[in-house]
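One-letter residues, chain by chain:
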Amino acid sequence: MSTTAGRRRSHAAIARGPAALFADRSRVWWLAAAGIALGLVVLALAPTYLLLESEQRTLASVFMFVVLAQGWNLIGGFAGYPSFGNVVFFGLGGYTTAILMAKAGAGFWITLPAAAVVGLGFAALMGIPILRLKGHYFAVATLGVAEGTREVVINVGGLTGGNKGITVPAVGEKATTSYPGNTGFYFYFLVLALIAVVVVWAISRSRFGYALRAISQDEDAAAAAGINTTRAKITAFAVSGVLTALAGAIFAFQQVTIYPTQLFAVDITVLMVIMAVLGGAGTVVGPVIGAVTLQYLSEWLRDNFPDYHTFVFGGIIVLAVLLVPMGIVNFTREAWKRRRLAFFEAVRQYRL
Amino acid sequence: MSALLETRDLSRRFGGVDAVAGVSISVDEGTVLGIIGPNGAGKSTLINLITGHLKPSAGRVIIQGRDVTGRKPWAIAKEHVARTFQIVRPFRNLTVRENVAIGAMYGPEHARSARAAVDQADEALERVGLLDRAELTPGDLSVADARRLELAKALAMQPRLLLLDEVMAGLRPGEIQPALDLIGSLRDAGVAILVIEHVMKAIMAISDQILVMHEGQELTRGKPDDVVKDERVIEAYLGERYAKRARADVRQGDARG
């Protein structure tokens with residue numbers, strides 16, 4: 001037994017590679033912890049000392065997309081089920097908050113758990129039948145559910161206001177919760193983004209995370225290893241649904257008036273998929289990197305090329321997908337391992 | 001000795017074809033049942049029926065006296081049943097060690113945490129001789145090592161019933177003996193083992209009993225020595241030339257033993 005342990009340790013030392021440069025591994029953890037703490041302090045103080053209102057608004061949308069990309073990452077990245085309908089949770093979360101605030105006079109904070117429950121329930125309900133489908137079939141089914149749900153929301157106009165939208169009472173006498181302004185939403189979305197990252201990080205290190213990664217590769221083999229694949233997939237989808245619905249809830253309050261076409265827009269799904277995939281699906285930091293770079297890029301292009309920013313944005317995404325299809329995180333990891341930047345590897349490999 | 005695995009008239013139809021038709025077997029603790037037969041005889045389907053990857057059209061599967069017919073694969077895995085797949089199916093996004101750790105995490109002997117399972121995995125890796133390749137990804141393994149990984153994944157589940165679907169295919173002659181030794185040591189530890197194998201010398205050497213399948217049905221069964229002499233087996237599967245060689249091997253073995 002002791003020889004096994006000894007050998008294990010020496011193998012681990014070899015495998016550690018670059019990190020072995022630090023003689024004491026705990027030092028790396030301290031550095032990482034210090035870096036994270038510093039980052040949090042900067043993010044907390046930035047609205048007061050660094051950022052204009054408009055910049056806070058931009059960052060709030062960046063944080064929101066971190067949540068959406070992380071939510072997609074769980075089902076699309078870790079479990080390998082490419083959902084093209086995750087916006088349905090966003091829309092349902094938003095409408096839950098808007099309806100409860102506008103029709104029931106509920107305060108904003110009470111609507112958050114309600115939105116979470118709706119996201120969870122809907123994910124479980126739609127997951128049970130459609131998580132039996134795989135690959136393209138699953139993608140198309142989720143897309144269909146999201147499109148269909150939007151039509152339903154439009155058609156129950158009595159409750160949702162239909163195409164004319166619904167307005168939450170945000171100012172004046174009727175306001176149930178006072179409108180927090182740009183700085184407020186900066187913090188709401190920041191906190192939710194941090195929660196999303198921590199949740200995904202915790203899952204990635206847990207038994208559940210391993211189960212999802214196994215499922216993404218081979219469900220039969222995962223089941224043979226004792227993994228209840230049905231339960232794991234539905235749980236991943238449900239957590240994804242909760243995070244996404246909460247983002248939708250905050251978004252609805254921020255927008256004050258929301259419309260079905262806006263809250264159930266396919267564009268939002270497409271963006272979260274691209275952010276997660278380009279950053280690195282199935283990793284913890286990948287979707288964060290993807291969301292931050294793409295959302296910033298998008299905003300910057302909008303400011304500097306107002307006439308054709310979507311065209312340029314699309315072109316950049318096409319280029320990025322061609323050059324780093326495995327995502328920025330995996331690309332960097334590979335480059336570090338092989339000491340080589342292989343930008344045209346994918347182009348060569350897949351004859352693009 | 002008690003039967004760890006029993007099947008009663010197990011059957012499975014695919015469309016109009018009887019892939020497995022009324023197969024009844026029984027495997028005791030500490031014994032090895034070998035299954036041979038031509039391609040398409042229903043050997044792998046039989047394993048899939050036992051592990052719940054396929055639902056039987058008729059018949060029962062009984063494990064440790066409990067009827068588990070129709071249960072899901074993960075529920076059957078919890079009954080201390082582990083298997084390998086004919087075509088190796090590693091989790092390519094995980095390291096070799098993590099692949100094996102999955103079995104320790106979700107198998108019947110739950111590891112407390114992901115990390116504890118990773119430690120447990122090393123024991124299984126050591127047994128199959130893969131410990132020095134634990135940090136590689138499955139894509140970097142040779143064919144033989146990929147087979148070893150498949151076996152290590154099953155071992156990490158600490159099975160009482162082990163179903164091996166051609167774990168020796170693609171191994172070089174020199175690599176077969178260690179694999180046989182490993183199966184032998186598992187058998188001696190009380191594991192009930194079902195082996196499908198095309199490497200005749202190997203399966204003859206390790207099996208206590210051989211079941212010959214043909215077109216989904218049992219053709220015959222018996223001790224390895226008797227089975228290779230059976231005319232029907234020779235006709236259906238082995239071919240006359242092989243049979244001669246096998247008989248010669250058996251005689252040699254007798255002379256040596």
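Residues numbered from 1 in each chain as written. Chains lettered and ligands numbered in written order. Predicted model: local features only at pLDDT ≥ 70, side-chain atom pairs only at ≥ 80, totals over all residues.

1. Things to note about the overall build of chain B
And then number 1: Each helix and strand counted, chain B has ten helices and ten strands in total.
And then number 2: Projected onto its principal axes, the C-alpha coordinates of chain B cover approximately 55 × 45 × 35 Å.
And then number 3: Residues classed as buried in chain B amount to 47% of the 257 residues present.
And then number 4: Pairs at least 24 residues apart make up 63% of the contacts formed inside chain B by residues separated by at least 6 positions. (Helix = DSSP H or I, 4+ residues; strand = E, 2+ residues; numbered from the N terminus. Buried ≥ 20, exposed ≤ 12 C-beta atoms within 10 Å, placed from the backbone. Contact = placed C-beta atoms within 7 Å.)

2. Re the overall build of chain A
And then number 1: The helix and strand tally for chain A stands at 17 helices and two strands.
And then number 2: The proportion of buried residues among the 352 residues of chain A is 43%.
And then number 3: By sequence separation, contacts in chain A at least 24 residues apart represent 76% of the contacts at least 6 residues apart.

3. Brief notes about the interface of chain A and chain B
And then number 1: Taken together, the contact between chain A and chain B spans 24 residues of the former and 32 residues of the latter.
And then number 2: Taken together, the elements giving at least two residues each to the side of chain A that touches chain B come down to helix H1 (2-16), helix H9 (207-217) and helix H10 (219-224) of chain A.
And then number 3: A total of seven residues in the side of chain A that touches chain B trace back to one element, the largest contributor, which is H9 of chain A.
And then number 4: In terms of residue class, the side of chain A that touches chain B is built from nine nonpolar, eight polar and seven charged. (Nonpolar A, V, L, I, M, F, W, Y, C, P; charged D, E, K, R; others polar.)

4. Overview of the packing of helix H4 (residues 87-103) of chain A against helix H5 (residues 108-130) of chain A
Residues and elements named next belong to chain A.
And then number 1: Packing of H4 against H5 brings their axes to within 8 Å, and their N-to-C directions diverge by 145°. In the packing of H4 onto H5, the handedness of the crossing is right-handed. Together, Phe89, Leu92, Gly93, Thr96, Thr97, Leu100 and Met101 of H4 and Phe108, Thr111, Ala114, Ala115, Val118, Gly119, Phe122 and Ala123 of H5 make up the contact between the two elements. (Axes fitted to C-alpha atoms, helices over the stretch in contact; angles between N-to-C directions. Left-handed = near helix turned anticlockwise from the far one by under 90°.)

5. Structural notes on the packing of helix H3 (residues 53-78) of chain A against helix H11 (residues 229-255) of chain A
All names here are of chain A.
And then number 1: Packing of H3 against H11 brings their axes to within 9 Å, and their N-to-C directions diverge by 165°. Between H3 and H11, the angle falls in the class roughly antiparallel. The handedness of the crossing between H3 and H11 comes out as left-handed. Residues Met64, Val67, Leu68, Gln70, Gly71, Trp72, Leu74, Ile75 and Phe78 of H3 lie in contact with H11, whose contacting residues are Ala236, Phe237, Val239, Ser240, Leu243, Thr244, Ala247 and Phe251.
And then number 2: Classifying every residue of the contact of H3 with H11 by side-chain character gives 13 nonpolar, four polar and no charged. (Parallel < 35°, antiparallel > 145°, perpendicular 65-115°, else oblique.)

6. Thoughts on the domain arrangement of chain B
Residue and element names in this part refer to chain B.
And then number 1: You can read the domains of chain B as domain 1 (3-80 + 159-256) and domain 2 (93-152).
And then number 2: Taking the mean C-alpha position of each, domain 1 and domain 2 sit 25 Å from one another.
And then number 3: The interface is formed by ten residues belonging to domain 1 together with ten residues belonging to domain 2.
And then number 4: The biggest single contributor to the side of domain 1 that touches domain 2 is helix H6 (residues 173-188), with three residues.
And then number 5: Taken together, the residues of the side of domain 1 that touches domain 2 sort by class into five nonpolar, two polar and three charged. (Domains from an automatic or database assignment.)

7. Section: unusual backbone geometry
And then number 1: Its identity as a non-glycine residue notwithstanding, Val256 of chain A has a phi of 70°, on the positive side.
And then number 2: Secondary-structure assignment places Val256 of chain A in the loop between H11 and strand E2 (257-258).
And then number 3: Of note in this structure, Glu215 of chain B is not a glycine but carries a positive phi near 50°.
And then number 4: Relative to the elements of secondary structure, Glu215 of chain B occurs in the loop between strand E9 (209-214) and strand E10 (217-222).
And then number 5: Look at Glu215 of chain B and you get partly exposed, because 16 C-beta atoms sit within 10 Å.

8. Brief notes about the sheet that holds E10 of chain B
Residue and element names in this part refer to chain B.
And then number 1: The strand order across the open sheet built from six strands is E6-E7-E8-E3-E9-E10, with neighbouring strands paired in mixed fashion. A strand with exactly one partner marks an edge of an open sheet, and here the two such strands are strand E6 (81-83) and E10. On average, adjacent strands in this sheet sit at an angle of 20° to one another, irrespective of strand direction.
And then number 2: In terms of strand pairing, strand E7 (residues 161-165) meets strand E8 (residues 192-196) through five bridges, oriented parallel. Directly across from Leu163, in E8, lies its bridge partner Leu194. (Pairing = 2+ DSSP bridges.)

9. Points about the sheet that holds strand E4 (residues 58-63) of chain B
By definition, the strands of a sheet pair up through backbone hydrogen bonds, in either a parallel or an antiparallel sense.
Residues and elements named next belong to chain B.
And then number 1: Reading across the sheet, the four strands line up as E2-E1-E4-E5 and stay open at both edges, with antiparallel pairing between neighbours. Sheet topology places strand E2 (17-28) and strand E5 (66-67) at the edges, where each strand pairs with a single neighbour.
And then number 2: When strand E1 (residues 3-14) meets E2, the two strands line up antiparallel, connected through eight bridges. Looking at the pairing, Arg12 lines up with Val20 of E2.
And then number 3: Strands E1, E2 and E4 of the sheet are contacted by helix H1 (residues 43-51), whose axis makes an angle of about 115° with E1.

10. Some words on helix H6 (residues 135-155) of chain A
All names here are of chain A.
And then number 1: The end-to-end C-alpha distance of H6 is 31 Å, a good match for the 30 Å that 21 residues give at a rise of 1.5 Å each.
And then number 2: All of the buried residues along H6 are Phe138, Thr142, Ala146, Thr149 and Val153. When H6 is viewed along its axis, its buried side chains cluster within an angular range of 75° and face the same direction. Pointing more than 90 degrees away from the buried face of H6 are the exposed residues His136, Tyr137, Glu151 and Asn155.
And then number 3: On its buried face, H6 is in contact with H4, H5, helix H7 (157-160), helix H12 (260-263) and helix H13 (266-280). (Expected span 1.5 Å × (residues − 1). Arc of directions from axis to C-beta.)

11. What about the confidence of the model for chain A?
All names here are of chain A.
And then number 1: Per-residue confidence for chain A gives a mean pLDDT of 87, with 89% of residues at or over 70.
And then number 2: Per-element mean pLDDT across chain A ranges from 43 in H1 up to 96 in H11.
And then number 3: Note that residues 1-22 has pLDDT below 50 and, in this model, 14 contacts with residues that lie over four places away or in other chains. (pLDDT = per-residue confidence, 0-100.)

12. Structural notes on the confidence of the model for chain B
Interpreting fine coordinate detail is not advised for predicted regions of low pLDDT.
And then number 1: Confidence in the prediction of chain B, expressed as mean pLDDT, is 88, and 92% of residues score 70 or more.
And then number 2: Across the predicted assembly, pTM comes out at 0.87 and ipTM at 0.87.

13. Some points on the environment of Arg127 of chain B
And then number 1: The topology assignment puts Arg127 of chain B in helix H4 (residues 114-128).
And then number 2: Setting aside residues up to four positions removed in sequence, Arg127 of chain B forms contacts with Leu155 and Leu182 of chain B.

14. Quick look at the environment of Leu149 of chain B
Residues and elements named next belong to chain B.
And then number 1: Within the fold, Leu149 resides in helix H5 (residues 143-155).
And then number 2: Residue classification places Leu149 among the buried positions, given that 27 C-beta atoms sit within 10 Å.
And then number 3: Residues Leu149 and Val32, 117 residues apart in the sequence, show an inter-C-alpha distance of 21 Å.
And then number 4: Ignoring any residue separated from it by four or fewer positions in sequence, one finds Leu149 in contact with Pro90, Val96, Asn99, Leu130, Pro138 and Leu141.

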